[in-house]
There are 2 protein chains.
Amino acid sequence: MGAIDTVLGLIDEHFDRSIEKLFELARIPSVSSDPALAGECRRAALWLSDYVSSLGFQSRLMETGGHPVVYAILGDLNDTTKPHVLFYGHYDVQPVDPIEKWTNPPFEPKIDVAKDGTERLLGRGMSDDKGQIFTFLEACRGWIEHTGTLPVNVTIFLEGEEEAGSPSLERTLIEQAGDLAADVVLACDSAMWDRDTPAIATRLKGLFHDKVIVHGPNRDLHSGTYGGVAANPLRVLSNILAGLYDADNRVAIPGFYDEVEQVPASLRQQWRELGSAADAALGDVGLSMPVLETGYTAMEQTWARPVVDINGVGGGNQGPPRSVLPSQAWARLSFRLVASQKPDVIRRLFREHVASQVPSDCRVSFEGDDGCGAYALKEDNPFLIAAARGLEAEWGRQPKFPGSGGSIPAIGWFKDHLGLDSIMVGFALDDDAIHAPNEKYDVRSMRKGTRSWARILEEVSRVDLKWRRTER
Amino acid sequence: MGAIDTVLGLIDEHFDRSIEKLFELARIPSVSSDPALAGECRRAALWLSDYVSSLGFQSRLMETGGHPVVYAILGDLNDTTKPHVLFYGHYDVQPVDPIEKWTNPPFEPKIDVAKDGTERLLGRGMSDDKGQIFTFLEACRGWIEHTGTLPVNVTIFLEGEEEAGSPSLERTLIEQAGDLAADVVLACDSAMWDRDTPAIATRLKGLFHDKVIVHGPNRDLHSGTYGGVAANPLRVLSNILAGLYDADNRVAIPGFYDEVEQVPASLRQQWRELGSAADAALGDVGLSMPVLETGYTAMEQTWARPVVDINGVGGGNQGPPRSVLPSQAWARLSFRLVASQKPDVIRRLFREHVASQVPSDCRVSFEGDDGCGAYALKEDNPFLIAAARGLEAEWGRQPKFPGSGGSIPAIGWFKDHLGLDSIMVGFALDDDAIHAPNEKYDVRSMRKGTRSWARILEEVSRVDLKWRRTER
């Protein structure tokens, strides 16, 4: 029996305690986008710092100007014969509204058994990303309990602003680069291919948000006095939003697709063989008819085509009927980019397009975040191959290498500023309801995820470091 | 010196006390559409009942199932040689949001002097409709102080649900018709033609509200996972709203104009001679370019053409940036009708039109109120002529007989259920900011409005009651 079997045995044996500790963290409402909860974010960071310290890491908070990073190391970082991994996850969570749709309070985590017998961990952050962080931490604990150390050198780097667009992260990576040397990033913030098939995401979309505000009359008007005569910002906004797409569901912003590379025919073929998980996912949420760009499958659309989505709108009467013609209306949008599309360029094209559509009588203003570009990993990366081997041992199946429609700004910045590729392993499932009420994480995701990381750490320890010397 | 001069003298002499009493009423936040303020609505009704009782009326609350009506009478109702007027106004007010835009707390009324020296009464309800009610009550007080009674028999009828669409009023008028016999309604809930020219509104638009709710996925989705693939209710809603109008700013609902009568050429000519007050009003609110149906002036659009306005929209992310694709989106609309357009018919046409535009994958639901039809008064009505004479005496100018873009459901129902025409006199100004922050009522509107009613009551007392016997 090899060391790994003992480690896996310890993980299983102490699994209840793993859940207990996860629940302690999950009770802290670390909603990063809510300024009122900044103290809770710091509390979550301190809790994690204490916890990894109790496992044997040297731990501290790394200040960022925003919510702190939990930074911890274990291993002899001068021993360059051992691979050195930097583990990335985030301890902050999404807001909980609409709160009334939660069947269990979001920050009172509990184990629940679904109708089909599936055991789930209920609570905000279970899947995104506190539970996923824990799969790695508990794998480390298994190794440390058995061997007193880890098979590789490990830097833990847990950010607290991922759900708020990681506003402080890029600067932190640049300023703290000296403390962040490693060979590769292991990240846990992604999903399984399906319930039984693991996945390593090899593409991420770029992302930025923009808010459009249409300004009309200088005050709210009575629709009886001014209706049908005064420009209505809600109508102007509706026209702008409706005009963002053409009849082929293509984004109608001039120049939007200029930098988009066509997906190679071979890759499209490979993806088509992966089946139609996206269609199935649609069924899970009560829909049946994907809204696709003409000529693309749901998978291609999600992984390789840029999309613009309206995330929220508001303006005017928000209560009972009231005959008001408001002075302002707004919409928030997310832009998911691919390949060489640059957030700054697309933002400029979008704003110019909108401005050209606003009647001379109205005015438009914008508020946006910086956003991040897209990311792609080569399929012959030795750490990718090692991680795949670990996943296959745990799940009995080769992992898929999907793209992703999601965006993790950190991943692009690790590449840009630290020169590090990221191996994105995760155990979330499509029905985990991340970013929505009733978020959950299957107990099986937690258990087998932890076991997976234990195996991956061992496989990564075997990566030939000649790779590092030749590549860097 | 006639009685009227003494009455006008008493009104001026006691004007400060009139403001004091108005402010007492204005401090009660009787927002009828907010269920949490139902108690305040009743408090306002009781205050008014007590106040008119102190003037000499026999007063009580008339229960309606909703907010009560203040009901009061003065005079010998069996004396059919005297005309009998029913005075209509409303003591409820609009909500105050956005509260942050008020420079003075909405329910802490005060007198303020504008930069140009105009004295104004600041506070919610000052113009719509508590201040306007007071012009009538204080005119009665003047007459009563001088003569111990009024020149005509008066029933006061002050409703508490006008700003909420008068949900209980129609039933109340039907059930209480026996107590509401009169010769004519005098209403005070409308505006001056301009600062120096009085007006009697002779047309009201019909009005109903409808809310469209687009239902898409069965829960909020992550726009990274589902963006560009799942139907987005916000996009479906934007398409619906943008498609409500055609390039000529005509409402694009099939059948919408079927029952609309063309305005007679002679009336259009008369209106064009009234000038372009609507364009000036647009300037007051920071706009310059009316959004009109091709072929109509702003005045025609407001008074004689039906319009549909978007009053509010919502859905999805309402806070900081968040990559959500929401399960629902909604819009609230107001429909302003003319002539023979029936609310029920137009509502059905609208809903059918919307339903036909919803993708098969989404669902749409509606919530609406009953609404009311349009109203028009003949220009040879003897009470109209009497009121016009009173206004001319006070203002030194003949009143204009404009249409109105607004709607007062009560007016149509007085006609339908009590057989009464309404003489709509009011002293509001276009810049009073009714239904908006910083509502005000000019001190001059209050003072000369009160004096106007004193004169109108006398003129009405001279109406030849043969009219009543032949007409009814």
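Since we're looking at a predicted model, the values are computed, not measured. (Residues numbered from 1 in each chain as written. Chains lettered and ligands numbered in written order. Predicted model: local features only at pLDDT ≥ 70, side-chain atom pairs only at ≥ 80, totals over all residues. Heavy atoms only, no water.)

A.B. asks: I keep staring at the sheet that holds strand E1 (residues 58-62) of chain B and nothing clicks. Help me out?
C.D. replies: Either a parallel or an antiparallel arrangement is found when strands of a sheet pair, and the pairing is made through backbone hydrogen bonds. All names here are of chain B. If you walk across this open sheet you meet the 7 strands as E1-E2-E6-E3-E7-E17-E8, and the pairing is mixed. A strand with exactly one partner marks an edge of an open sheet, and here the two such strands are E1 and strand E8 (200-201). Where E8 meets strand E17 (residues 422-425), 2 bridges bridge the pair, whose relative direction is antiparallel. When the bridges of E17 are listed, Ala 201 appears paired with Met 424. In this fold helix H4 (residues 126-147) packs onto strand E2 (69-74), strand E3 (84-90), strand E6 (153-159) and strand E7 (184-187), with an angle of close to 145° to the strand it touches most, E3. (Pairing = 2+ DSSP bridges. Helix = DSSP H or I, 4+ residues; strand = E, 2+ residues; numbered from the N terminus. Contact = heavy atoms within 4.5 Å. Axes fitted to C-alpha atoms, helices over the stretch in contact; angles between N-to-C directions.)

A.B. asks: For this particular structure, what's the right way to read the relation of the copies chain B and chain A?
C.D. replies: Relating the two copies of this chain is a rotation about some axis coupled with a shift parallel to it. Between chain B and chain A, the superposition needs a rotation of 180° and an axial shift of 0.1 Å, giving an RMSD of 0.1 Å. These values place the two chain copies in the arrangement generated by a two-fold rotation axis. The overlap is high: 100% of the interface residues of chain B also sit at the interface in chain A, so the same surface is used on both sides. (Least-squares fit on C-alpha atoms with pLDDT ≥ 70 in both.)

A.B. asks: Would you explain the interface of chain B and chain A in this entry?
C.D. replies: One frequent convention defines the size of an interface as the accessible area lost when the parts assemble. Taken together, the contacts link 86 residues of chain B with 86 residues of chain A. Together, the buried faces of chain B and chain A total about 7100 Å²; carbon and sulfur atoms form 50% of this surface. Counting the surface chain B buries against chain A, the share from its top three residues, Val229(B), Arg235(B) and Arg322(B), is 11%. The interface formed by chain B and chain A holds 0 salt bridges in total. Per-element tally for the side of chain B that touches chain A: the top contributor is strand E12 (residues 307-316) of chain B, with 9 residues. Residue composition of the side of chain B that touches chain A, by class: 35 nonpolar, 34 polar and 17 charged. Relative to E12(B), strand E12 (residues 307-316) of chain A runs antiparallel, the two sharing 5 bridges. If you follow Gly315(A) over to E12(B), its bridge partner there is Val313(B). (Buried area = accessible area lost by both parts, 1.4 Å probe. Salt bridge = Lys/Arg side-chain N within 4 Å of Asp/Glu carboxyl O. Nonpolar A, V, L, I, M, F, W, Y, C, P; charged D, E, K, R; others polar.)

A.B. asks: Would you take a moment to explain the pairing of strand E14 (residues 328-337) of chain A for this structure?
C.D. replies: Along any regular strand, the residues point their side chains to alternate faces of the sheet. Residues and elements named next belong to chain A. Burial of E14 is extensive: 9 of the 10 residues sit out of reach of the surface. Here 10 bridges tie strand E10 (residues 206-215) to E14, and the two strands are oriented antiparallel to one another. By the bridge assignment, Val 214 is partnered in E14 with Ala 329. (Buried < 20%, exposed > 50% of the residue type's maximum accessible area, 1.4 Å probe, protein only.)

A.B. asks: Is there a simple way to explain empty space enclosed by the protein in this structure?
C.D. replies: Empty space among the atoms can be located by rolling a probe the size of a water molecule over them. Per the counting criterion, the structure on display carries 4 cavities of 30 Å³ or more. By volume, the largest cavity amounts to about 60 Å³. What lines the largest cavity is Leu234(A), Leu237(A), Ser238(A), Leu241(A), Val313(A), Leu234(B), Leu237(B), Ser238(B), Leu241(B) and Val313(B). Among the secondary structure elements, those contributing two or more residues to the lining of the largest cavity are helix H7 (233-242) of chain A together with helix H7 (233-242) of chain B. Taken together, the residues that form the lining of the largest cavity break down as 8 nonpolar, 2 polar and no charged. As a volume, the second largest cavity reaches approximately 40 Å³. Around the second largest cavity, the lining residues are Leu10(B), Ile11(B), His14(B), Ser18(B), Glu138(B), Arg141(B), Gly142(B) and Glu145(B). Contributing elements (two or more residues each) for the lining of the second largest cavity: helix H1 (3-13) and H4 of chain B. Per-element accounting of the lining of the second largest cavity gives the leading share, 4 residues, to H4(B). (1 Å grid on protein atoms, 1.4 Å probe; cavity = no way out; pocket = protein on both sides within 12 Å on 5 of 7 lines; lining within 4 Å. Points joined across faces, edges and corners; volume = space filled by probe spheres on them.)

A.B. asks: Please clarify how the sheet that holds strand E2 (residues 69-74) of chain A should be interpreted in this entry.
C.D. replies: Residue and element names in this part refer to chain A. With mixed pairing, the 7 strands of this open sheet are ordered in space as E1-E2-E6-E3-E7-E17-E8. Looking at the sheet topology across the chains shown, the edges are occupied by strand E1 (58-62) and strand E8 (200-201). Running at roughly 170° to strand E7 (residues 184-187), helix H14 (residues 443-461) makes contact with strand E3 (84-90), E7 and strand E17 (422-425) of the sheet.

A.B. asks: Is there a simple way to think about the packing of helix H2 (residues 15-26) of chain A against helix H3 (residues 38-55) of chain A in this case?
C.D. replies: Helix packing for two helices is described by the angle between their axes and how far apart those axes are. Residues and elements named next belong to chain A. Contact pair H2 / H3: the axes reach a minimum separation of 9 Å and the direction vectors enclose 155°. Between H2 and H3, the interaxial angle falls into the category roughly antiparallel. Taken together, the residues of H3 that come into contact with H2 (itself represented by Lys 21, Glu 24 and Leu 25) are Ala 44, Trp 47, Leu 48 and Tyr 51. Residues of the contact of H2 with H3, tallied by class, amount to 5 nonpolar, no polar and 2 charged. (Parallel < 35°, antiparallel > 145°, perpendicular 65-115°, else oblique.)

A.B. asks: I tried to follow the environment of Glu138(B) on my own but got confused; where do I start?
C.D. replies: All names here are of chain B. Counting through the fold element by element, Glu 138 comes out in helix H4. Exposure remark for Glu 138: the relative accessible area of 3% places this residue in the buried category. Note: C-alpha distance between Glu 138 and Val 229 (91 residues apart in sequence) is 65 Å. With residues up to four places along the chain from it excluded, the contact list for Glu 138 reads Ile 11, Ser 18, Tyr 51 and Thr 450.

A.B. asks: Sorry, what's going on with the packing of helix H12 (residues 382-395) of chain B against helix H14 (residues 443-461) of chain B here?
C.D. replies: Residue and element names in this part refer to chain B. Here H12 crosses H14 at 135°, and the two axes come no closer than 8 Å. The orientation of H12 with respect to H14, classified from their angle, is oblique. Of the two possible hands of crossing, H12 and H14 adopt the one that is right-handed. For the pair H12 and H14, the contacting residues are Phe 383, Ala 386, Ala 387, Arg 389, Gly 390, Leu 391, Ala 393, Glu 394 and Trp 395 in the first and Arg 444, Lys 448, Gly 449, Arg 451, Ser 452, Arg 455, Ile 456, Glu 459 and Val 460 in the second. Among the residues forming the contact of H12 with H14, the class breakdown is 8 nonpolar, 3 polar and 7 charged. (Left-handed = near helix turned anticlockwise from the far one by under 90°.)

A.B. asks: Just to check I follow, could you spell out helix H4 (residues 126-147) of chain A for this structure?
C.D. replies: Within H4(A), 19 of the 22 residues are buried, which leaves it mostly tucked inside the rest of the structure. Once H4(A) ends, the next one or two residues include Gly148(A), with phi positive near 80°.

A.B. asks: Would you mind showing me how to read the pattern of salt bridges here?
C.D. replies: Pairing of side chains with opposite charge becomes possible as their charged atoms draw close. If you walk through the whole model with that rule in mind, you get 60 salt bridges over all chains. The partner of Arg43(B) in a salt bridge is Glu40(B), with the nearest N and O atoms 2.8 Å apart. Taken together, the positions of Arg43(B) and Glu40(B), both in helix H3 (residues 38-55) and 3 residues apart, correspond to about one turn of that helix. Arg43(B) gets classed as partly exposed once you look at its relative accessible area, which sits at 43%. Its relative accessible area of 22% is what places Glu40(B) among the partly exposed residues. Several salt bridges converge on common partners, so that one network encompasses Asp12(A), Glu394(A), Lys448(A), Arg451(A) and Arg455(A).

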